[in-house]
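Here are the chains, one letter per residue:
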Amino acid sequence: MRLNFAPEVATIPASAQGEQVFELLAQDLLSKARRGRLATAHGVIDTPAFMPVGTQGSVKGVSPRELRELNAQIILGNTYHLFVRPGLDVIKHFGGLHNFMSWDGPILSDSGGYQIFSLVKLRKITGDGVEFQNHIDGARAFISPEIAMEIQAALGSDIAMVLDECVSYPCEYDYAAKSAELTTRWAKRCKAVAASLRDAYAAHSAAATKQYLFGIIQGGTFENLRRASAQAIVELNFDGYAVGGVSVGEPQEEMMRAVESAEPFLPADRPRYAMGLGTPPQLLEMVARGMDMFDCVLPTRLARNGTAFTATGTVNLKNAEFALDKRPIEENCACPACRAFMRGYIRHLIKAEEILGLRLVTLHNLHFYLNLMSRARTEIEGGTFDKFRKAFVAEYKTRDAAGIA
């Protein structure tokens, strides 16, 4: 099948908005790990960075104040879910997502592409966009690239994502090629309307005029499709670039290869976002492959199952072995749970289905992920990241439910 992803515009050296978006501060000599800084309308993001997932305008079980105390720099909001409920009229009434949820830091809004992937039985994809039945009441709705941009402009997020199609695993080559080409066409349409929407929402929010737009690279598990998609998306000149369609059930080697195939084509002066990842070792491996930003539901999702992350792997606090354990979840951890509570007490709360137990594990897991990225930044600056990564990955043992993506 002939590949024809090339868009009709030439590469422009400046960022999409004509300003420097990303400052590269340090690079690891033994890997592609980068230490950078991204300035947004609501604050600076030091990278590598982890973004807690706030699907419906809330990181599950955690308040904005607690997120600030955990040193969360940026959170993710879900375009599809917020579009379905509470709806754009409500978000607009409250002056955008930042005001609505009382979060004054940066927000990245995804495009809804992953929900298109997950609602496979409820949607129909055409060149125009996606028609689907929402998961709440089955009402029919339609999202096009233009509508996806309008939703995100109304949300007032600091970083918006183009609409893309995330293919499943396994996926036939021909479908993956057609899907990647469709994602490129949609990306071009997203960019065409983004500037006018920023201007339209300027009165609604001054920050809306500084909303960055990231392109998304697709191509399934096929190296040549990933390369072609990366080249085509980069030619469109976005403020940053994401590798999408990973962590959808493929083996870890395929996940890494998808990033490795795209990375050489990504500009060094733009942030790079690996979407939907992952376990702690996967995050460090992705940092080593030149990725800067990550999001994942694992810290909060596994916390609701009583599973906590530690430097040596996961711990299922429901297990009877912890009933009399006086230790914190992890020794020398500075999170709110470990500073004040013992494993035995937290296990009791979880077994008794007390909300506090799930909240404490959630706070610990988020702290673990955020602290891991802070440590990665320090190690890159000190020239010791590669040694740190190898030691961490060797010590970490995946067990219980930590393999859930």
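Look up: the structure comes first, before these words.
A few points on the structure. (Residues numbered from 1 in each chain as written. Predicted model: local features only at pLDDT ≥ 70, side-chain atom pairs only at ≥ 80, totals over all residues. Heavy atoms only, no water.)

Section: the overall build of the protein
Logical step 1: What the protein contains, in helices and strands, is 15 helices and 16 strands.
Logical step 2: At 21 Å, the protein has a C-alpha radius of gyration in line with the 22 Å of a compact globule built from 405 residues.
Logical step 3: Here the C-alpha coordinates of the protein stretch approximately 65 × 50 × 40 Å along the principal axes.
Logical step 4: The buried share among the 405 residues of the protein stands at 57%.
Logical step 5: The long-range fraction of contacts in the protein, counting pairs at least 24 apart against all pairs at least 6 apart in sequence, stands at 70%.
Logical step 6: Roughly 16600 Å² of accessible area belongs to the protein as shown, and the carbon and sulfur atoms make up 51% of that amount.
Logical step 7: Side-chain charges in the protein split into 44 positive and 45 negative, and the spacing between the mean points of these groups amounts to 3 Å. (Helix = DSSP H or I, 4+ residues; strand = E, 2+ residues; numbered from the N terminus. Rg over C-alpha atoms; globule rule 2.2 N^0.38 Å. Buried < 20%, exposed > 50% of the residue type's maximum accessible area, 1.4 Å probe, protein only. Contact = heavy atoms within 4.5 Å. Areas by Shrake-Rupley, 256 points an atom, 1.4 Å probe, with all protein chains shown as cover. Lys, Arg positive; Asp, Glu negative; His and termini not counted. Charge placed at Lys NZ, Arg CZ, Asp CG, Glu CD.)

So, the layout of surface pockets
Logical step 1: Approximately 650 Å³ is the volume attributed to the largest pocket.
Logical step 2: Residue lining of the largest pocket: 30 residues in total, with N78, D110, Y114, Q115 and V297 positioned closest to the centre.
Logical step 3: Only helix 2 (79–84), helix 5 (113–118) and strand 14 (293–296) provide two or more residues apiece to the lining of the largest pocket.
Logical step 4: It is helix 5 that provides the largest number of residues to the lining of the largest pocket, a total of 4 residues.
Logical step 5: Taken together, the residues that form the lining of the largest pocket break down as 12 nonpolar, 14 polar and 4 charged. (1 Å grid on protein atoms, 1.4 Å probe; cavity = no way out; pocket = protein on both sides within 12 Å on 5 of 7 lines; lining within 4 Å. Points joined across faces, edges and corners; volume = space filled by probe spheres on them. Nonpolar A, V, L, I, M, F, W, Y, C, P; charged D, E, K, R; others polar.)

Focus: the sheet that holds strand 8 (residues 130–133)
Logical step 1: The sheet built from 3 strands is open, its strands ordered 7-8-9 with antiparallel pairing. Since the sheet does not close on itself, it has two edges, and those belong to strand 7 (123–125) and strand 9 (140–143), each with one partner. Recorded for the sheet is a direction-independent mean angle of 15° between the axes of neighbouring strands.
Logical step 2: Sheet topology places strand 7 next to strand 8; 3 bridges connect them, and they run antiparallel. From the neighbouring strand, I125 faces strand 8, where its bridge partner is V130. (Pairing = 2+ DSSP bridges. Axes fitted to C-alpha atoms, helices over the stretch in contact; angles between N-to-C directions.)

Here we look at the packing of helix 13 (residues 343–351) against helix 14 (residues 355–382)
Packed helices, taken two at a time, are described by the angle their axes make and the gap between the axes.
Logical step 1: Contact pair helix 13 / helix 14: the axes reach a minimum separation of 6 Å and the direction vectors enclose 125°. For the element pair helix 13 / helix 14, the angle class is oblique. By crossing handedness, the relation of helix 13 to helix 14 is classed as left-handed. Contacts from Y345, I346, L349 and I350 of helix 13 reach helix 14 at L356, G357, L358, L360 and V361.
Logical step 2: Residues of the contact of helix 13 with helix 14, tallied by class, amount to 8 nonpolar, 1 polar and no charged. (Parallel < 35°, antiparallel > 145°, perpendicular 65-115°, else oblique. Left-handed = near helix turned anticlockwise from the far one by under 90°.)

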